[in-house]
Amino acid sequence: MTVTQLASILRERYESAPDRDKAAHVVLFGIEFSESLASTSVAEVVSMSGIGKWGPQVSLGRKLAAHVEPRK
């Protein structure tokens, strides 16, 4: 998956999340796309998404992905 595609998905997830749940949705994005994010720069994805400074939360999701499995 390209950086542009990941950035678009992140932006969509962020904008569609309720205001009080935005952080959780950003972390869940990191979990769900951890494999794709491993081969790209999280900072670049977040920057291209235009959602602000959420890089640490996306990185947290990447790290948690090894320990959790999201519900479907």
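Please refer to the structure higher up on the page.
Fair warning: this is a prediction, and the values are worked out from it, not measured in the lab.

Rules of the game
Residues numbered from 1 in each chain as written. Predicted model: local features only at pLDDT ≥ 70, side-chain atom pairs only at ≥ 80, totals over all residues. Heavy atoms only, no water. Buried < 20%, exposed > 50% of the residue type's maximum accessible area, 1.4 Å probe, protein only. Helix = DSSP H or I, 4+ residues; strand = E, 2+ residues; numbered from the N terminus. Arc of directions from axis to C-beta. Contact = heavy atoms within 4.5 Å. Salt bridge = Lys/Arg side-chain N within 4 Å of Asp/Glu carboxyl O. Axes fitted to C-alpha atoms, helices over the stretch in contact; angles between N-to-C directions. Parallel < 35°, antiparallel > 145°, perpendicular 65-115°, else oblique. Left-handed = near helix turned anticlockwise from the far one by under 90°.

Enquirer: Can you lay out helix α5 (residues 55–64) for me, pointing to particular residues and giving the numbers?
Expert: Every buried residue of α5 is listed here: G55, V58 and G61. The buried residues of α5 occupy one face: seen down the axis, they fall within an arc of 120°. Exposed and oriented more than 90 degrees from the buried face of α5 are P56 and K63. Buried residues in α5 make contact with α1 (3–16), α2 (22–32), α3 (34–37) and α4 (42–49).

Enquirer: Tell me what's going on with the pattern of salt bridges, and back it up with residues and numbers.
Expert: Inspection of the entire model under this criterion finds 3 salt bridges. Of the charged contacts in the structure, one is a salt bridge between E32 and R13, with a shortest N-O distance of 2.9 Å. One end of the pair, E32, is in helix α2; the other, R13, is in helix α1, and 19 residues separate them in sequence. For R13, a relative accessible area of 25% gives the class partly exposed. One salt bridge in this structure joins K22 and D19, with 3.9 Å as the shortest N-O distance. Given a relative accessible area of 13%, K22 falls into the buried group.

Enquirer: Talk me through the side chain of T40; I want residue IDs and the actual numbers.
Expert: With respect to the secondary-structure elements, T40 resides in the loop between α3 and α4. In this structure T40 touches V3, L6 and V45, once residues within four positions along its chain are discounted.

Enquirer: Which residues make up the packing of α1 against α4, and what are the values?
Expert: At a minimum axis separation of 8 Å, α1 and α4 run at an interaxial angle of 60°. Classified by the interaxial angle, the pair formed by α1 and α4 is oblique. For α1 against α4, the interelement crossing comes out right-handed. Listed contacts from α4 to V3, T4, L6, A7, L10 and R11 of α1 are E44, V45, V46, M48 and S49.

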